[in-house]
Amino acid sequence: MAVVLLGSFGGCGHVPQRQELRAPSILPNTTRQMKTAGFWIARVNEPDRVILTQPDIAALNARNQDAKLTEDIILIQTPVKGKDVAAGLRKSLSAIRKQSLSLGSGEKAGDEFFDPVLQLMDLGSVPEKVSLRYGLAVHYTDQRILPTMNALYAQQGDVDFDELQNSGLDVGTPIVILHQSRDGQWLYGRTQLSTGWVQAQDVAIASLDDIRRYSAREQFIVVTVPKADVFLDQELTQYADYVRMGSLLPLVRENGKTVVVRTPARNAEGALLEISGYLKAEQVSVGFLPYTARNMMEQAFKMLNSPYGWGGMYGEQDCSRFIQEVFSTVGIVMPRNSGQQAKVGVLAATFSDRDDPDVKAGALQQQAVGGITTLYMKGHIMLYLGAVDGRSFAIHAPWGYREACPQKANSRECRQDTVRVMNRVVVSDLSLGQGSRKGSLIERLLSVRRVE
C-alpha cells in the first residue's frame, strides 16, 4: 500500500479535496510487537544512560530562550509598546481573513462574522504603553487566534480542524496579559510557548510575585500519564479537571497513594486563590524523570493510540504537542510548533526533498538514536524509534495519510486524494507514501536532530 502523511499547521494537518477511509489498526510494514516500548528499547545501546543531567537540561532550555524559540514571561519588560500589541492583533485578524474560511454552515466567513469580532477586539483602547498583568489558568482552556469560540474551517464539514484554534493551556499555565476584549470575557496574552486569546473565566488574575512564587517549584510533580485527574479531596471524589502529560504542579506533600499539590483557583473577584489538589501518586513523578532513551520511549508509548487534537482541540494533542509532552517529563521545554522544535538539539543530518531516500535512510541508521531524535519534514515532526530490516520507524501524532492513485503507484499526478484517517498517535515506518503524489515520509524528511 502506498501512502503519505498529511501535513499542515503545527504539523499534522489536513488537505482539501479528499475521500476519507479508515486506516488499518496496524499500519503497513509494522507488526504488533512494534507497538510496545520494549521492542525498541532493546534496539538502543545503553538505554539507561543519562543523556543530559538537569543542569545540562537547564542550559539547553536557556539556549532555546536565547534563540527566541521559547520565552520566560516573567522576564518580559513592562511596559510593552501598545502599537506592537495592536499590530500583532491586526496581523492575526488579517491572516485569518485572507484564508477565505467557512462557517459551520458552509458559507464563507465575511463581514458579518469578522466585524463583531473586530469590535470585540477593541483595538482603539490599546494604550500607548501597556502595563502587564498576569494570570494562571485554572482549567484546561483553548487558546484562540480570535476572541470567539465560533469555528472557521478550510472546507465544509472539516470539524476536526478549527482554523481559529491555536493551542491548549493546562491548569497552572502562567499567562502575561496584554489586552482584553471590549466585554471583558476574553484575555489576550502570551505564555512560554504561544500567544492568543483565552476565556477570562478560565484565568485567575495574579501579581508578578504570585507568578514567580508559583513558578519557582522548589518541589513539584510532573504528570507522566496522558491525562491525570485532579481532585479537590483526599478521597478523590470531587473532580476539578485533568492535566496532560508533562504538566507541572507545585508539590505540598506526598500522601501515600496520592500527592497533594497547589492548584490555582479564582475567588469571587476573579483573583488568584491557591487551593489543594489531589492526584494519584502512580500518575506523576516527584521531580523530572531522568533523561534516558528508556524513559523517553516509555513515555511516548503511554501516548500510543491517544486521540489526535489539532492545536489542542478537545484537550488532545497534535504532532508538536505530542513531542512537547514527552520531552516535558524530563524537563526539556520544546517550542510550540514543529518548525521551531526542529531547531532544538544537535543537528545530525539535513536534506532536501530531492535527496536520495537511500542516502537519508543510511544517515538515519548512522546518526539517529532511538527515543532522543526528532525527525522533521515541512509541517510535521516525529520521534525516531529505530530501524528493522533497513526500514526506519517513528512514533508520532498524525491525523491521516494519503494513498497513491489506484494503478499509479509510481505517479505523482493524483488529483483526488484518498485519505486513510488514523486520528491518533501511531508507530509507522518512513516508507509510507512511496509512489504517491507527495512522496514518502523519508522522501520529505528535511532534518534529523538528537536532543542532547
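Preceding this paragraph is the structure being described.
Every value quoted in this text rests on a predicted model; they were computed, and no experiment measured them.

Peer 1: Quick rundown of empty space enclosed by the protein? Include the residues and the values.
Peer 2: Summed over all chains, the structure comprises 3 cavities of 30 Å³ or more. Together, Ser25, Ile26, Leu27, Thr30, Lys35, Leu304, Asn305, Arg424, Val425, Val426 and Val427 line the largest cavity.

Peer 1: Go over unusual backbone geometry with me, naming the residues and quoting the values.
Peer 2: Cis geometry marks the peptide bond from threonine 78 to proline 79, where omega comes out at 0°. One can find proline 79 in the loop between helix H2 (54-66) and strand E3 (80-81). The backbone phi angle of glutamate 46 is positive, close to 55°, even though this residue is not glycine. By the secondary structure assignment, glutamate 46 is in the loop between helix H1 (37-41) and H2. At lysine 68, a position not held by glycine, the phi torsion is positive, near 65°.

Peer 1: Account for the sheet that holds strand E22 (residues 391-396), with residues named and values stated.
Peer 2: In spatial order, the strands read E19-E26-E20-E21-E22-E25; together these 6 strands make up an open sheet with antiparallel pairing. Two strands bound the open sheet, and with one partner strand each, they are strand E19 (346-350) and strand E25 (426-429). If you compare each strand with its neighbour and ignore which way they point, the axes differ by 35° on average. Judged from the 4 bridges that link them, E19 and strand E26 (residues 447-450) form a sheet pairing that is antiparallel.

Peer 1: Let's hear about the layout of surface pockets: which residues, and what values?
Peer 2: Estimates place the volume of the largest pocket at around 1100 Å³. Around the largest pocket, the lining is made up of 43 residues, and of these Pro174, Gln192, Arg217, Leu248 and Val333 lie nearest the centre. At the level of secondary structure, the elements contributing two or more residues to the lining of the largest pocket comprise H2, strand E7 (165-169), helix H5 (208-216) and helix H7 (319-328). Top contributing element to the lining of the largest pocket by residue count: H2, with 6 residues. Residues that form the lining of the largest pocket fall into these classes: 18 nonpolar, 17 polar and 8 charged. By volume, the second largest pocket is sized at about 760 Å³. Lining the second largest pocket are 29 residues, and of these Asn166, Leu193, Ser194, Thr195 and Gly196 lie nearest its centre.

Procedures and definitions
- Residues numbered from 1 in each chain as written.
- Predicted model: local features only at pLDDT ≥ 70, side-chain atom pairs only at ≥ 80, totals over all residues.
- Heavy atoms only, no water.
- 1 Å grid on protein atoms, 1.4 Å probe; cavity = no way out; pocket = protein on both sides within 12 Å on 5 of 7 lines; lining within 4 Å.
- Points joined across faces, edges and corners; volume = space filled by probe spheres on them.
- Helix = DSSP H or I, 4+ residues; strand = E, 2+ residues; numbered from the N terminus.
- Pairing = 2+ DSSP bridges.
- Axes fitted to C-alpha atoms, helices over the stretch in contact; angles between N-to-C directions.
- Nonpolar A, V, L, I, M, F, W, Y, C, P; charged D, E, K, R; others polar.

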